[in-house]
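Take a look at the letters that make up each chain.
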Amino acid sequence: MVKLTKTSVFKAQGPDVETPLEKTTRIVRKMVEEEAEQRQSKNDRFRNARLEREANTPTKPSG
């Protein structure tokens, strides 16, 4: 068991140091999220364009 002293109990805690692996993970996650947002935006644009085109296309009467 660790012996607690006045300096170890009340030591000021600085900001946690980010390891290289954590830094890489953070950056990659940000990149993946940005790509997903761009892909979703592109899909929404294409879907809206398709729906608009279908709405403006006259239907051929059957008969």
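Participant: I would appreciate a short explanation of the overall build of the chain in the present structure.
Facilitator: Within the chain one finds 2 helices and 0 strands. Going through the 63 residues of the chain one by one, you find that 0% of them count as buried. A total accessible area of about 6800 Å² is found for the chain, and carbon and sulfur atoms account for 56% of it.

Participant: Even after reading the chapter, I still don't get the pattern of salt bridges, so can you show me in this structure?
Facilitator: Tallied over the entire structure, the rule returns 3 salt bridges. Between E18 and R26 there is a salt bridge, with its nearest N and O atoms 2.9 Å apart. A residue is classified by how much of its surface remains accessible, and E18, at 38% relative accessible area, is partly exposed. Taking the shortest distance from any N to any O, the salt bridge between E54 and R50 comes out at 3.6 Å. Residue E54 and its partner R50 are both found in helix α2 (residues 20–56); the two are separated by 4 residues, about one turn of the helix. With relative accessibility at 45%, the residue E54 sits in the partly exposed group. Given a relative accessible area of 37%, R50 falls into the partly exposed group.

Participant: Sorry if this is basic, but what is going on with a negative patch on the surface here?
Facilitator: A cluster of acidic residues, E33, E34, E35 and E37, forms a negative patch on the protein surface. Mapped onto the secondary structure, E35 falls in helix α2.

Parameters at a glance
Residues numbered from 1 in each chain as written. Predicted model: local features only at pLDDT ≥ 70, side-chain atom pairs only at ≥ 80, totals over all residues. Heavy atoms only, no water. Helix = DSSP H or I, 4+ residues; strand = E, 2+ residues; numbered from the N terminus. Buried < 20%, exposed > 50% of the residue type's maximum accessible area, 1.4 Å probe, protein only. Areas by Shrake-Rupley, 256 points an atom, 1.4 Å probe, with all protein chains shown as cover. Salt bridge = Lys/Arg side-chain N within 4 Å of Asp/Glu carboxyl O. Patch = residues over 30% accessible without salt bridge, like charges linked within 9 Å, V, L, I, M, F, W, Y side chains within 5 Å. Lys, Arg positive; Asp, Glu negative; His and termini not counted. Charge placed at Lys NZ, Arg CZ, Asp CG, Glu CD.

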